[in-house]
Amino acid sequence: MKDILEQLEQRREAARMGGGQARIDAQHGRGKLTARERVDLLLDEGSFEEFDMFVTHRCTDFGMEDQKPAGDGVVTGWGTINGRLVYLFSQDFTVFGGSLSETHAQKICKIMDMAIQNGAPVIGINDSGGARIQEGVASLAGYAEVFQRNIEASGVIPQISVIMGPCAGGAVYSPAMTDFIFMVKDSSYMFVTGPDVVKTVTNEVVTAEELGGATTHTRKSSVADAAFENDVEALAEVRRLVDLLPANNRQKPPVRPFFDDPNRFEPSLDTLVPANANTPYDMKELILKLGDEGDFYEIQAEFAKNIITGFIRIEGRTVGVVANQPMVLAGCLDIDSSRKAARFVRFCDAFEIPILTLVDVPGFLPGTGQEFGGVIKHGAKLLFAYGEATVPMVTVITRKAYGGAYDVMASKHLRSDFNYAWPTAEVAVMGAKGATEIIHRKDLNDPEKIAKHTKDYEDRFANPFVAAERGFIDEVIQPRSTRKRVARAFASLRNKKVQTPWKKHDNIPL
Ligand code: HXC
């Protein structure tokens, strides 16, 4: 018996060594942790239970029958993050470059199936040279099996991808279909075709980092949601994110203890909006003052900064925030900001996360670049996302809510539940100057008359009361009391239920 126990320990020890000490040292030399070190950091101490540690590949070509490392290049299993169940896989670059074989894929599929069945998030740590070249089409089939599960799991359990090394070719499409992608600066990259192919086909010379590094994907392509300095920071942030999310689409997000009075007044908010309607201010200040303990988990902070998306907690409960940012492009909506916010709204709606929308929007960004790029279709994504959302929705208009953008930003007409406005709000078709120049075109050469018309328009429309008179604004509130009003509104909506007509699925403008 003792021998058998020792044998088990020896086999486990061999599996834990992956591709051997030299390759582990090389991994550390690149500033990267090993697959197992990453699992240990991600999960609560001692909570990891491994699956399929002894699985080996079945390939017999190219001398592969003589190299059969236990585990086949991916560590899979389950554990807890702050006591809550998660499933995960972590690709081991020290074993055939973390490449995906038929059996490697089967291991990933097994834990994805369990995550879907048992209603818990799945986290994928990607560090792989792609399809296992020696296995050919069997490896491609393995990828497709993973893709199919990503699609099935979408909207059922949260899926988080962490890119911690190469992720190239068709392999990118598994993370691409998950809810969040995190990358590590300087050690991870994602692209469909690498720099060599790009050079051959288009003559462009580009490094892997420029083509698909963390900066590129968080600032230019928006493929990734956040970039971190190193593996340790990235994994700590995944833990923070998981804490905010429900385990699945039939549960509410966890309620955490909070030490911040929901009735807290913030007198400084009374002067947040500057006297001059064209002077910007930082919408993040409002977000930080509304959330419990000033904590804000921002998503896509580096992309389309004219809109802010992320999570706060109010009374310990997760709330998704979408907010125009007057500091960037005056907070207007454009292609990028509409896409960014639409995806976020849909995530919140899929996972029962209430949505708080903070509005200061002068309209859609004009220009050929926007029209040729399809701002009609992309703007419609955000409109559609809000209009189909059935989670509790609270909207606060701080200043401008002009034109179509007023409608889009969770207006009453899109079934938002509470629509508040600050006294500084201006709900109108457009700004006073633009409106005057159109309806009093004949007086354009008379500055005095134009000034008077502009003043008249401001007096009539540059306020929240015209909308409030019609019930489009439920209440004009004191800025200082916003946290209290929003907290009470969400508390009253905890049992919200909305019936929608049967359909197979919608046809959101993609
Ligand atoms: C088998 C692989 C491998 C692969 C790397 N290795 N990629 N083995 N299949 N795809 C092995 C290497 O042989 C090497 O083994 C070890 O992993 C480390 O690789 P190195 O090249 O030494 O490391 P590095 O210099 O860091 O370069 C990493 C790399 C490079 C950039 C990922 O290995 C590379 O370009 N690999 C091939 C990438 C590729 O073309 N993959 C297929 C893409 S198509 P030893 O024994 O020396 O340690 C694809 C399609 C998916 O993925 C389709 C889904 C629909």
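The rules behind the values
Residues numbered from 1 in each chain as written. Predicted model: local features only at pLDDT ≥ 70, side-chain atom pairs only at ≥ 80, totals over all residues. Heavy atoms only, no water. Helix = DSSP H or I, 4+ residues; strand = E, 2+ residues; numbered from the N terminus. Buried < 20%, exposed > 50% of the residue type's maximum accessible area, 1.4 Å probe, protein only. Core = buried A, V, L, I, M, F, W, Y, C linked by side-chain atoms within 4.5 Å. Contact = heavy atoms within 4.5 Å. Pairing = 2+ DSSP bridges. Axes fitted to C-alpha atoms, helices over the stretch in contact; angles between N-to-C directions. Phe/Tyr/Trp six-rings, centres within 6.5 Å; stacked < 30°, edge-to-face > 60°. Lys NZ or Arg CZ within 6 Å of the ring centre and 35° of its normal. Near = heavy atom within 4 Å. Polar contact = N/O pair within 3.5 Å; in protein donor to acceptor, adjacent residues only side chain to side chain. Areas by Shrake-Rupley, 256 points an atom, 1.4 Å probe, with all protein chains shown as cover. Salt bridge = Lys/Arg side-chain N within 4 Å of Asp/Glu carboxyl O. Parallel < 35°, antiparallel > 145°, perpendicular 65-115°, else oblique. Left-handed = near helix turned anticlockwise from the far one by under 90°. Nonpolar A, V, L, I, M, F, W, Y, C, P; charged D, E, K, R; others polar.

**Q** Even after reading the chapter, I still don't get unusual backbone geometry, so can you show me in this structure?
**A** Leaving glycine aside, a negative phi is the common case for residues, and trans is the common case for peptide bonds. Its identity is not glycine, yet Asp52 carries a phi of approximately 55°, on the positive side. One non-glycine residue with positive phi stands out, namely Glu352, at about 55°. Residue position: Glu352 is located in the loop between helix 12 (335-350) and strand 13 (355-361). A relative accessible area of 29% places Glu352 in the partly exposed class.

**Q** So what exactly am I meant to see when it comes to the nonpolar core here?
**A** Counting residues in hydrophobic clusters, the biggest one holds 61 residues, and the most contacted among them are Ile123, Phe311 and Tyr386. Not counting the four nearest positions on each side in its chain, Ile123 is found in contact with Leu42, Ile81, Val86, Tyr87, Leu88, Phe89, Ile160, Val162, Val238 and Val242. Core analysis: the second largest hydrophobic core is formed by 27 residues, Ile308, Ile312, Val396 and Trp422 among them.

**Q** Which parts of the structure should I look at to understand the sheet that holds strand 7 (residues 180-184)?
**A** Strand pairs in the sheet, formed through backbone hydrogen bonds, run parallel or antiparallel to each other. The strand order across the open sheet formed by seven strands is 1-2-3-4-5-7-9, and the pairing between neighbours is mixed. Taken across any chain shown, the strands that pair with only one partner, and hence form the sheet edges, are strand 1 (49-51) and strand 9 (226-228). Strand-to-strand twist in this sheet, taken as the mean axis angle between neighbours without regard to direction, amounts to 20°.

**Q** Just checking my understanding: could you explain the packing of aromatic side chains for this structure?
**A** Any two aromatic rings considered together are summarised by their centre-to-centre distance and by the angle between their planes. Enumeration according to the criterion identifies 10 aromatic pairs in this entry. Considering the side-chain rings of Phe182 and Phe228, the 5.3 Å spacing of their centres and the 75° angle between planes classify their relative orientation as edge-to-face. Placement of Phe182 in strand 7 and of Phe228 in strand 9 is noted, with a sequence separation of 46 residues between them. Each member of the pair, Phe182 as well as Phe228, carries the same accessibility label: buried. Each member of the aromatic cluster is reached from another via a ring pair, and the members are Phe180, Phe311, Phe344, Phe347 and Phe351. Positioned above the aromatic ring of Phe54, the side-chain terminus of Arg11 is 5.2 Å from the ring centre. If you follow Lys32 out to its NZ or CZ, it ends over the ring of Phe93, 4.5 Å from the centre.

**Q** Where do I start with the site of the ligand in this structure?
**A** Taken together, the neighbourhood of the ligand is formed by 20 residues, with Arg23, Gly97, Gly129, Ala131 and Ile133 sitting nearest. Side-chain polar atom of Ser99 to a nitrogen atom of the ligand: 3.5 Å apart, as the coordinates give it. A distance of 2.7 Å separates a nitrogen atom of the ligand from a polar backbone atom of Gly129. Taken by itself the ligand offers 1000 Å² of open surface, and the protein chains cover 54% of this. For the shell around the ligand, the elements supplying multiple residues, two or more each, are helix 5 (137-153) and strand 6 (166-168).

**Q** Teacher, can you tell me more about the pattern of salt bridges here?
**A** A side chain with one charge can pair with a side chain of the opposite charge if their charged atoms come near. This model, assessed by the stated rule, comprises 38 salt bridges. Between Arg38 and Asp127 there is a salt bridge, and its shortest N-O distance comes to 3.0 Å. With a gap of 89 residues between them, Arg38 in helix 3 (residues 35-42) and Asp127 in the loop between strand 4 (122-126) and helix 5 connect regions that are remote in the sequence. Of the residues examined, Arg38 reaches a relative accessible area of 0% and is grouped as buried. By relative accessible area, Asp127 is classed as buried at 0%.

**Q** Sorry if this is basic, but what is going on with the packing of helix 3 against helix 10 (residues 231-244) here?
**A** A pair of packed helices is captured by two measures, namely the crossing angle of their axes and the spacing between those axes. In contact at an axis separation of 9 Å, helix 3 and helix 10 are set at 40° when each is read in the N-to-C sense. Here helix 3 is positioned oblique relative to helix 10, judged by the angle of their axes. You can see that helix 3 and helix 10 cross each other, and the crossing is right-handed. Only Asp231, Val232, Leu235, Val238 and Arg239 of helix 10 make contact with helix 3, whose side of the interface consists of Arg38, Leu41 and Leu42. Considering only residue class, the contact of helix 3 with helix 10 consists of five nonpolar, no polar and three charged.

**Q** For this particular structure, what's the right way to read the packing of helix 12 against helix 14 (residues 375-388)?
**A** The N-to-C vectors of helix 12 and helix 14 enclose an angle of 25°; their axes lie 8 Å apart at closest approach. Considering their axes alone, helix 12 and helix 14 lie roughly parallel with respect to each other. The interaxial crossing formed by helix 12 with helix 14 has left-handed handedness. Along its contact with helix 12, which presents Ile335, Ser338, Arg339, Ala341, Ala342, Val345, Arg346 and Asp349, the element helix 14 presents Val375, His378, Gly379, Lys381, Leu382, Ala385, Tyr386 and Glu388. Considered class by class, the residues forming the contact of helix 12 with helix 14 number eight nonpolar, three polar and five charged.

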